[in-house]
Amino acid sequence: MKQTPSSVFMVRPEHFGFNPQTAASNAFQPDEIVESNTEIKKSAIAQFDGFVENLRSHGINVYVFHSPKYKKLPDAVFPNNWVTFHEDGRVILYPMLAENRRLERRLDVIDKIGEAFVIKEVIDLSVEEVNELILEGSGSIVFDHINMIAYANESPRTNKMLFDRICDLLGYEGVFFNATDAEGLDIFHTNVMMMIGEGYSVICAESIPNSQQETVLNKLKKSGLEIIEISRKQMSDFAGNMIQLQNPDGRRFLVMSDTAFASLSDIQKQALLQYNEIIHSDVSTIEHVGGGSARCMIAGIHLPGKTSEA
């Protein structure tokens, strides 16, 4: 199993803006926005384009899709929540909490990716929305593809029964736990409090209750991963919202925002640099208004290539 993809897809935020439907379950979003919609969109698009250029300059293959012209989708820039692509050729579609986010699922995106990669099966779990069962892709689930373990913390966006079903489908061991922010609120997505790269895991261990913390950390250690801990304050600066990518030459990169990079100590940066180079970009408008950061903006493509991965 390969942990680190070299191809990803991203969605340009042409209709980006504050989404009141997600604010109730995302403490990273502000209570109010003072900037105009025009200013927000202009800044978000510029930051997105700069981010894509930064990734491509390091040899990472980025498929960019435009937001649908006739649908106002403020959070389309966060595609990792509605789909995951797996090395065995399976694609999984996920049920979303916010009604306006459910419109982000797009078969045209899957069809386009299927031109270059092998898709054997599409599993659509979005039907569970009628039962109010929610699981938001690799926002809800942090996958350790090498050790075939999946991690998730319970929240309004992460249902345990669906998580268990995904683990059964993929043949992964599931590690389900609780995690809260400094205010005691459920952390809305697991991928803001932890990530897994090849050889290490970044995790906000202090967000996990003492009764469960040892179980989670021991599972990571037994998987051969070095644990690099971040604080709740660093988590609030999106230091957990990172993703490891690689280029076709096999060079690995840890991708994060400028905000996350600035929050890390020199010791933490040196620990991370043992495993990969660091790429960081300014996505501060997207972070501030949308409550998501670099990892949320990237959907990794783990599918086998039809010839070789582009």
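The present account deals with the structure reproduced in this document. (Residues numbered from 1 in each chain as written. Predicted model: local features only at pLDDT ≥ 70, side-chain atom pairs only at ≥ 80, totals over all residues. Heavy atoms only, no water.)

1. Describing the pattern of salt bridges
So the rule is basically this: In the sections that follow, a salt bridge refers to a side-chain nitrogen of Lys or Arg positioned within 4 Å of a carboxyl oxygen of Asp or Glu. Labels follow the DSSP assignment, with helices taken as runs of H or I lasting at least four residues and strands as runs of E lasting at least two, numbered in each case from the N terminus. A simple rule labels every residue: compare its accessible area, found with a 1.4 Å probe on the protein chains alone, to the largest value its type can have, and call it buried under 20%, exposed over 50%, or partly exposed in between.
All chains considered together, the criterion is met by 16 salt bridges. The salt bridge involving glutamate 206 is made with arginine 232; its shortest N-O contact spans 4.0 Å. Residue glutamate 206 is located in the loop between β10 (200–203) and α6 (210–222), and its partner arginine 232 is located in helix α7 (residues 232–236); the two are separated by 26 residues in the primary sequence. Look at glutamate 206 and you get partly exposed, because its relative accessible area is 41%. The salt bridge partner of aspartate 237 is lysine 233, with a shortest N-O separation of 2.8 Å. Judged by its relative accessible area of 55%, lysine 233 is exposed. Salt bridges sharing common partners tie together Arg12, Glu14 and Asp49.

2. Remarks on the state of the cysteines
Let me state the cut-off plainly: Throughout, disulfides are identified as pairs of cysteine sulfur atoms within 2.5 Å of each other.
Summed over the entire model, instances satisfying the criterion amount to zero disulfides. Between cysteine 167, a cysteine without a disulfide, and cysteine 296, which holds the nearest cysteine sulfur, the sulfur-to-sulfur distance is 20 Å. The class for cysteine 167 is buried, based on a relative accessible area of 5%. Looking at the unpaired cysteine 296, the closest cysteine sulfur is the one in cysteine 204, lying at 15 Å.

3. With respect to the pairing of strand β13 (residues 252–257)
Formally: Two strands are said to pair when DSSP picks up at least two bridges between them.
Buried residues dominate β13, accounting for five of its six residues. As paired elements, strand β12 (residues 243–246) and β13 share four bridges and run antiparallel to each other. Residue isoleucine 243 lies in a different strand from β13, and its bridge partner there is valine 255. The hairpin formed by β12 and β13 contains five residues between the paired strands, and glycine 250 there has a positive phi angle of roughly 90°.

4. A short note on the sheet that holds strand β11 (residues 226–229)
Our working rule: A fitted line through C-alpha atoms serves as each axis, taken over the contacting stretch for helices, and the angle formed by two N-to-C directions is quoted from 0 to 180°. Contact criterion: two residues are considered in contact whenever any of their non-hydrogen atoms come within 4.5 Å of each other.
The three strands are arranged β9-β10-β11 in an open sheet whose pairing can be described as mixed. The open sheet has two free edges, formed respectively by β9 (194–197) and β11, since each of these has just one partner strand. Taken pair by pair, the neighbouring strands of this sheet meet at an average axis angle of 15°, ignoring direction. In this structure, β9 lies alongside β10, joined through four bridges in antiparallel fashion. Each residue of the ladder has a partner; that of methionine 195, found in β10, is valine 202. Across the sheet, helix α9 (residues 266–273) touches β10 and β11, and the angle it forms with β11 is around 150°.

5. Description of the nonpolar core
Convention followed: Note on terminology: a nonpolar core comprises buried Ala, Val, Leu, Ile, Met, Phe, Trp, Tyr and Cys residues joined through side-chain atoms within 4.5 Å.
One finds Tyr151, Phe177, Met193, Met194, Leu220 and Leu272 to be the most contacted residues of the largest nonpolar core, which totals 35 residues. For this core, the secondary-structure elements that each account for two or more residues are β7 (149–153), β8 (173–177), β9, β10, α6, β13 and α9. In this view, phenylalanine 177 contacts Tyr151, Ala152, Asn153, Glu154, Thr190, Met193, Met194, Ile208, Gln212 and Val216; residues no more than four positions away in its chain are not counted. Ranked by size, the runner-up nonpolar core spans 25 residues in total, among them Met10, Ala44, Cys296 and Met297.

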